[in-house]
Amino acid sequence: MTLTKTFQAIIILLLLTGCAGSNIDKVLKQGLVLQEDYKTTIPFTYVNGWIVLEVHIGDNPYHFILDTGSANLITKELANTLNSKVLGTEEIKDVNDTANTTEYTRLANIKIGTVDFQNTIAGIVDLNKITEISCTKIDGFIGSNLMRKAVWDFDFEKQLITIVNDESKLDIPEDTIDSKLYIGTAGIPAITLKINGQKVLNNTVDFGNGGINLLRGDYFQKQKDANLITKYIKGTTKAFGGFGRTESKPFYQTNINKLQIGDHIVNNIHARVKSGSGNNLGLAFFKNYRVILNWHKKRIRLIEVTKAGNDTYKTYGFSTLYENQGIYVSTIIETSSASQFLKQDDQILSINASNYTNITEADYCAFYRDGLNTEQDTLSITILREDKTLTFELVKTTLL
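Values in this document were obtained by computation on a predicted structure and should not be read as measured data.

Caption draft 1: Representation of the state of the cysteines within the structure. Using the criterion set out here, one finds one disulfide in the structure. Here cysteine 135 engages in a disulfide with cysteine 365; their sulfurs sit 2.1 Å apart. Around the S-S axis, the bridge from cysteine 135 to cysteine 365 shows a dihedral of about -85° and counts as left-handed. A residue pair is termed long-range when its members are at least 10 positions apart, and cysteine 135 in the loop between helix 3 (131-134) and strand 11 (140-142) and cysteine 365 in helix 8 (residues 361-370) qualify at 230 residues. The burial state of cysteine 135 is the same as that of cysteine 365; both residues are buried.

Below, the structure is given as structure tokens:
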């Protein structure tokens, strides 16, 4: 995994939640598919860790992130282009549980491949105010409130999605890993797991999480106290989500010894511990399978392609964010090489031969996209701290 995405893979998890007595869940169930009988297969690309696909609204193509952990979202720019009518407002939360009151609208038509999804609801969010999202150059999110209207078959290896009205149209082997889906607000799917032998409910099937699996903080503490989790490291980060940066806060990375879906067992799964509610399985896990999501039957099928698990965590021990035409250290992992030399808010002037002084947002987008795809286990980093220029040699270290 590249340096910039080691900790920043979890950019945004947004859903229209509403408040007590709100009818937003009923609103989010609106919509239909125009065709009664359909099957379409479309390609997708991975951009900065996300699944990005082309959709059509009217006669125009747009690029959307596909995120099963979110409701539909569109950028404010797209809402202006479409002259979207605001239907109301609801409370939205990002991945950091930061809330904001957000407008929502109805999308008369989104065409994905040959399938016409009509009258689904979408939040209107200023997605592009976060540089790491604007780097991806997308117009919105396809969320589970739209996806629940069809059956979706994901071939992550070939980067193809097949959408059908009936699962019988798919070529599915007899031997699959089969589990019940629990459907929450906005149609967001979750499954029941066993983690280290203990039953855990409400694990979100989160394709919008670009690589990291998430384990709820209180559950992590409970398993740690019971000595069921013994491998973990601590860090501090200034995270970002749909509504901006957070203050510095601690977090953990850990390895789960045993994860079980039905009779299917995976050993040594890497996860990041999150505050707030809910556990999530991200693309780092699901890319090992062909995945079929069937909201109508409330079932998920997994066809194993490669072996999940046996994860290692090797890192220099820091990650970055972009502000004020500069790249700054945002995350430090304890016991890593970076923890011996770097501090949060150090400005990065150069890494190896690359100069990052007064860079443009476009320059940062290239840095964010490419990261440090180096095979070397060491790097030279020069930083600015309290008007002093300092240079250090960092070593990539296996921490888990």
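Let us keep going from here.
Caption draft 2: Layout of the packing of aromatic side chains. Considering all chains together, one arrives at 18 aromatic pairs under this definition. Seen in terms of ring centroids, phenylalanine 285 and phenylalanine 286 are 5.2 Å apart; in terms of plane orientation they differ by 80°. Their pairing is edge-to-face. Residues phenylalanine 285 and phenylalanine 286 agree in their burial class; the two are buried. Note on phenylalanine 285 and tyrosine 289: the rings are 5.1 Å apart at their centroids and 40° apart in plane angle, and the pair reads as tilted. Of the two residues examined, phenylalanine 285 and tyrosine 289, each falls in the buried class. Following the ring pairs from residue to residue traces out a cluster consisting of Phe44, Tyr46, Phe117, Trp152, Phe154, Phe156, Phe207, Phe285, Phe286 and Tyr289. Positioned above the aromatic ring of phenylalanine 251, the side-chain terminus of arginine 272 is 4.1 Å from the ring centre. The cationic tip of lysine 287 hangs over the ring face of tyrosine 46; the distance from NZ or CZ to the ring centre is 4.0 Å.

Caption draft 3: Up close: the pairing of strand 29 (residues 326-333). Burial analysis of strand 29 places eight of its eight residues in the buried class, which makes it a mostly covered element. Relative to strand 29, strand 19 (residues 232-237) runs antiparallel, the two sharing three bridges. If you follow threonine 236 over to strand 29, its bridge partner there is isoleucine 332. Direction of pairing for strand 28 (residues 318-323) relative to strand 29: antiparallel, over a ladder of six bridges. Across the sheet, the residue bridging to threonine 320 is valine 329, located in strand 29. The antiparallel pairing of strand 28 with strand 29 creates a hairpin that spans two residues between the two strands, and asparagine 324 there sits at a positive phi of about 50°. Bridging between strand 29 and strand 30 (residues 347-351) involves two bridges; their strand directions are antiparallel.

Scoring rules and cut-offs
Residues numbered from 1 in each chain as written. Predicted model: local features only at pLDDT ≥ 70, side-chain atom pairs only at ≥ 80, totals over all residues. Heavy atoms only, no water. Disulfide = S-S within 2.5 Å. Helix = DSSP H or I, 4+ residues; strand = E, 2+ residues; numbered from the N terminus. Buried < 20%, exposed > 50% of the residue type's maximum accessible area, 1.4 Å probe, protein only. Phe/Tyr/Trp six-rings, centres within 6.5 Å; stacked < 30°, edge-to-face > 60°. Lys NZ or Arg CZ within 6 Å of the ring centre and 35° of its normal. Pairing = 2+ DSSP bridges.

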